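# Tertiary structure, described
So you can see what is in the structure, the chains are spelled out below.
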Amino acid sequence: KKIAKDIPALSAIDDRVSQAVQNQYEENPYPRWLKIPHHVEHSYASIIHDVDPYFKPSPCLQQRPLHMLVAGCGTGKHPISRAKQVEGARVLAIDISRSSLSYGKRMAAKLNVGNIEFQQSDILNLANLNRKFPVIECVGVLHHMEDPERGWEILRGLLEPGGVMRIGLYS
């Protein structure tokens, strides 16, 4: 709770479905985890190339620092892993749950991961962020929304031309 009060809010959580999801994750932060696997730093392009050998990275993926947005970061396991794994990464991790964000922030400090910033926001209110990211990852989040395509469109608006967006949905 002490950490939670110091986490800045990028936007209000005013969508009724977002508020219901927020309440769920305030009571039950997710995922529960204690450690992450050891990561060797790689370029983001090489990580994508491992999944798609025909991937041709655009110049924006060569930027240093490489600004990444992890939208719906939960308790921080995903963005902390990316912050440790991606060479030159600077990660903005957002979530609607302060409980989840506080756990992520505490674990980032414990694991000595300093290239990550945690902020509270609803994806639906990010359209006015006034930033573009060469990398956006949003895994296990959009399907919680009343209109997942609207959330996806907002994220698309934050993607730098030539950038990469990784979306994961539960079926």
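Let me sum up the structure you'll find in this document. Remember, predicted model here, so these are calculated numbers, not experimental data.

## Comments concerning the overall build of the protein
Helix and strand counts for the protein come out as five helices and five strands. Element order for the protein, N to C, with α for helix and β for strand: α-α-β-α-β-α-β-β-α-β. Taking 171 residues into account, the globule formula puts the C-alpha radius of gyration at 16 Å, and the protein, at 15 Å, falls close to it. By its C-alpha atoms, the protein is 40 × 35 × 30 Å across when sized along the principal axes. When the 171 residues of the protein are sorted by exposure, 47% land in the buried category. At a minimum sequence separation of 6, the contacts of the protein that also span at least 24 residues come to 77%. Working note: accessible area of the protein is about 9,300 Å², and carbon and sulfur atoms make up 52% of it. For the protein, the distance from the average site of its 21 positive side-chain charges to the average site of its 18 negative ones is 9 Å.

## Digging into the packing of aromatic side chains
Taken as a whole, this structure holds one aromatic pair when the rule is applied. Ring geometry for Trp-33 against Tyr-103: centres 5.8 Å apart, planes inclined by 85 degrees, an arrangement best described as edge-to-face. On the criterion of sequence distance, the pair formed by Trp-33 in the loop between helix 1 (16-27) and helix 2 (44-51) and Tyr-103 in helix 4 (residues 98-110) is long-range, its members being 70 residues apart. Each of the two residues, Trp-33 as well as Tyr-103, counts as buried. Over the ring of Trp-152 we find Arg-156, and its NZ or CZ is 4.9 Å from the ring centre.

## Observations concerning helix 2
Buried within helix 2 we find Tyr-44, Ala-45, Ile-47 and Ile-48. The arc that holds the buried residues of helix 2, viewed along the axis, is 160 degrees, so those residues lie on one side. Its buried side turned inward, helix 2 meets strand 1 (66-71), helix 3 (77-85), strand 4 (133-139) and strand 5 (159-168).

## Some details on unusual backbone geometry
Residues Tyr-30 and Pro-31 are joined by a peptide bond in cis, for which omega reads -5 degrees. Within the element layout of this structure, Pro-31 appears in the loop between helix 1 and helix 2. Here the bond from Arg-64 into Pro-65 is cis, since omega is 0 degrees, no more than 30 degrees from zero. Here Pro-65 lies in the loop between helix 2 and strand 1.

## Some words on the pattern of salt bridges
Under the definition given, this model contains six salt bridges. The salt bridge partner of Lys-5 is Asp-6, with a shortest N-O separation of 3.9 Å. Of the two residues examined, Lys-5 and Asp-6, each falls in the exposed class. With a shortest N-O distance of 2.9 Å, Arg-82 and Glu-137 are connected by a salt bridge. Of the two residues, Arg-82 is situated in helix 3 and Glu-137 in strand 4; the sequence distance between them amounts to 55 residues. Judged by its relative accessible area of 0%, Glu-137 falls in the buried class. One continuous salt-bridge network, built from bridges that share partners, spans Arg-82, Glu-137 and Arg-166.

Analysis parameters
- Residues numbered from 1 in each chain as written.
- Predicted model: local features only at pLDDT ≥ 70, side-chain atom pairs only at ≥ 80, totals over all residues.
- Heavy atoms only, no water.
- Helix = DSSP H or I, 4+ residues; strand = E, 2+ residues; numbered from the N terminus.
- Rg over C-alpha atoms; globule rule 2.2 N^0.38 Å.
- Buried < 20%, exposed > 50% of the residue type's maximum accessible area, 1.4 Å probe, protein only.
- Contact = heavy atoms within 4.5 Å.
- Areas by Shrake-Rupley, 256 points an atom, 1.4 Å probe, with all protein chains shown as cover.
- Lys, Arg positive; Asp, Glu negative; His and termini not counted.
- Charge placed at Lys NZ, Arg CZ, Asp CG, Glu CD.
- Phe/Tyr/Trp six-rings, centres within 6.5 Å; stacked < 30°, edge-to-face > 60°.
- Lys NZ or Arg CZ within 6 Å of the ring centre and 35° of its normal.
- Arc of directions from axis to C-beta.
- Salt bridge = Lys/Arg side-chain N within 4 Å of Asp/Glu carboxyl O.

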